[in-house]
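# Descriptive structure summary
These are the residues of each chain, in order.
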Amino acid sequence: MIPYGRQDISQADIDAVIEVLTSDYLTQGPRVPAFEAAVAAHVGAKHGIAVNSATSALHIACMALGLGQGGLLWTSPVTFVASSNCGLYCGADVDFVDIDPATYNMSVAALTAKLQAAEAAGRLPDIVVPVHLAGQSCDMAAIGALAQRYGFRVIEDASHAIGGHYNGTFVGDCAHSDIAIFSFHPVKIVTTAEGGMAMTNDADLAQKMDYLRSHGVTRNPDLMSHSDGPWYYQMIDLGYNYRMTEMQAALGLSQMDRLDAFVARRQELARQYDVKLAHLSLTLPHQDHATKSAFHLYIIRLQNGNHKSVFEALRADGIGVNLHYIPVHLQPYYQRLGFRAGDFPQAEAYYAEAISIPLYAGLTDADQDQVVAALERAL
Ligand SMILES: *Cc1c(COP(=O)(O)O)cnc(C)c1O
């Protein structure tokens, strides 16, 4: 089976992790801040807060921005459930903005229309979470301008997009957002097994996320109401244990050495798919002129109502295709919150046609030809 995605682990990665096991610190040592600094320097953000998953990063990002009971978070329906669950964790309400039919990212036109209606109705969102689907940035300048106009905060779910570009700079530099989130799950572009990071240029948000990932406890005297002595720490908010371990950080730090090569290979494979699949009746990924995708995923859309049969044929042929994503509002849990089929027509039309085909740095040209041949047969 050729999977749709998989990690790439080198001997240097293995050595880096093993070295931690004989060092003084398995957690809360020097490698976590070193990994944070490496990612921040690479993408051009001032701060990085490493945590045990992107889901945790989304949660503490929402908390740091003050989301709570009575609050409102909007995101795209075409995403992993974590992008909206973070709002529910905070006791806020969640709603969705339909996708752009070309990029499959949150539609700026739909967002603008929904904001106008929300302003008239007197309930604007507190936070909007654009998701950079497949590694292609959303139109962040437009979303940032709407944030200014309507007074909401922006968390980029960049789980797919480390190494991608928007308007000539790296995704994650937070040029048009408050916080950007990366995931280091093994199918993503660089991995720490489980792990995530929140990027920000705001020192205050960085400080908040720093104590929220560790029980809401601080040793920073500037944040405490008082001190009883040199042993003193203080719990100043209700936080969690979302810390990343030293083994994870060592793996991430070692992987960062190959980020550019990983993304370059993914982009090369994507260009090859563009050519090798051009003769088939498929819709291939659209590349917006302002972006350079990191190509976490290569998503095709089928055009002839043969979605399920092609998916099944590819799986039977040893091609580990997947579907990213079942629209979140169609999940039973979200249906119980009141969402209905028909609420987000572009997302649902996408769901009826989309398939992710194998794409990862270690995919060989021969593997890719096997995927192309299987698709030709299936069609
Ligand atoms: C993978 C993913 C997440 C969650 O990442 P974890 O690190 O597994 O918690 C969130 N959002 C999107 C869009 C993702 O693809």
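Residues numbered from 1 in each chain as written. Predicted model: local features only at pLDDT ≥ 70, side-chain atom pairs only at ≥ 80, totals over all residues. Heavy atoms only, no water.

## Digging into the sheet that holds strand 10 (residues 196–200)
Stated precisely, the cut-off is as follows: Two strands qualify as a pair provided DSSP detects at least 2 bridges between them. Here a strand is any run of E in DSSP of at least two residues, a helix any run of H or I of at least four, and the numbering for each starts at the N terminus. Whenever a helix is involved, its axis is fitted only over the stretch in contact; in every case the axis is a line through C-alpha atoms, and angles between N-to-C directions fall within 0 to 180 degrees. Only heavy atoms enter the contact rule, under which two residues are in contact if any of them lie within 4.5 Å.
Read from one edge of the open sheet, 7 strands run 2-10-9-6-5-3-4, paired in mixed fashion. Of all strands in the sheet, those bounded by a partner on one side alone are strand 2 (47–51) and strand 4 (93–96). With strand direction ignored, the average angle separating the axes of adjacent strands in the sheet is 20°. Strands in contact with helix 4 (residues 82–89) are strand 3 (72–75), strand 4, strand 5 (127–129) and strand 6 (153–157); relative to strand 3, the strand with the most contacts, it is inclined by about 180°.

## Quick notes on the nonpolar core
Put simply, the rule is: We define the nonpolar core as a collection of buried residues of types Ala, Val, Leu, Ile, Met, Phe, Trp, Tyr and Cys that are connected through side-chain atoms lying within 4.5 Å of one another. Burial classes follow relative accessibility: with a 1.4 Å probe on protein chains only, a residue under 20% of its type's maximum area counts as buried, one over 50% as exposed, and anything between as partly exposed.
Counting residues in each nonpolar core, the largest one holds 47 residues, and the members touching the most others are I155, I179 and I181. Contributing elements (two or more residues each) for this core: strand 2, helix 3 (54–64), helix 4, strand 4, strand 5, strand 9 (179–183), helix 7 (203–212) and helix 12 (345–351). Looking at this core element by element, the count peaks at 7 residues for helix 3. With residues up to four places along the chain from it excluded, the contact list for I181 reads A54, A57, L58, A61, I155, E156, D157, A158, S159, M197 and A198. If you look at the next biggest cluster of nonpolar residues, it comprises 27 residues, including A50, F184, A249 and L259.

## Structural notes on the site of the ligand
Rules: Throughout, the term near means that a residue has one or more heavy atoms lying within 4 Å of the molecule or strand in question. Under the rule applied, a polar contact is a pair of N or O atoms within 3.5 Å (in protein, one hydrogen donor and one hydrogen acceptor; residues adjacent in sequence only if both atoms are side-chain atoms). Note on areas: these come from Shrake-Rupley sampling with a 1.4 Å probe, and a residue is covered only by the protein chains present in the view.
Contacts to the ligand come from 15 residues, most closely from T55, D157, H160, S183 and K188. At 2.5 Å, a side-chain N or O of T55 approaches an oxygen atom of the ligand. Between an oxygen atom of the ligand and a side-chain N or O atom of S183, the distance comes to 2.8 Å. Within the complex, the protein chains bury 92% of what would otherwise be the 380 Å² of accessible surface of the ligand. Those elements that place two or more of their residues in the shell around the ligand are helix 3 and helix 4.

## Concerning the sheet that holds strand 8 (residues 169–170)
If you walk across this open sheet you meet the 3 strands as 8-7-14, and the pairing is antiparallel. The sheet terminates laterally at strand 8 and strand 14 (291–292), the two strands that pair on one side only. When strand 7 (residues 165–166) meets strand 14, the two strands line up antiparallel, connected through 2 bridges. Residue pairing across strands places H165 opposite K292, the latter belonging to strand 14.

## Overview of the packing of aromatic side chains
For clarity, the cut-off: Pairing of aromatic side chains requires ring centres within 6.5 Å, counting the rings of Phe and Tyr and the six-membered ring of Trp. Pairs whose planes differ by under 30 degrees are stacked, by over 60 edge-to-face, and all others tilted. Geometrically, a lysine NZ or arginine CZ counts as sitting over a ring once it is within 6 Å of the ring centre and also within 35 degrees of the ring normal.
Counted under the stated rule, the structure contains 11 aromatic pairs. Ring geometry for F96 against F339: centres 5.1 Å apart, planes inclined by 70°, an arrangement best described as edge-to-face. With F96 in strand 4 and F339 in the loop between helix 11 (332–336) and helix 12, this residue pair connects regions lying 243 residues apart in the sequence. Across the pair, exposure class does not vary: F96 and F339 are buried alike. Geometrically, the ring pair formed by Y240 and Y242 is stacked, given 5.0 Å between the ring centres and 10° between the ring planes. The class of Y240 is partly exposed, set by a relative accessible area of 29%. One aromatic cluster in this structure is built from F96, Y333, Y334, F339 and F344. For the cation-ring pair, K114 lies above W74, with the distance from its terminal atom to the ring centre recorded as 5.4 Å. Taking NZ or CZ as reference, R149 lies 4.2 Å from the ring centre of Y150, over its face.

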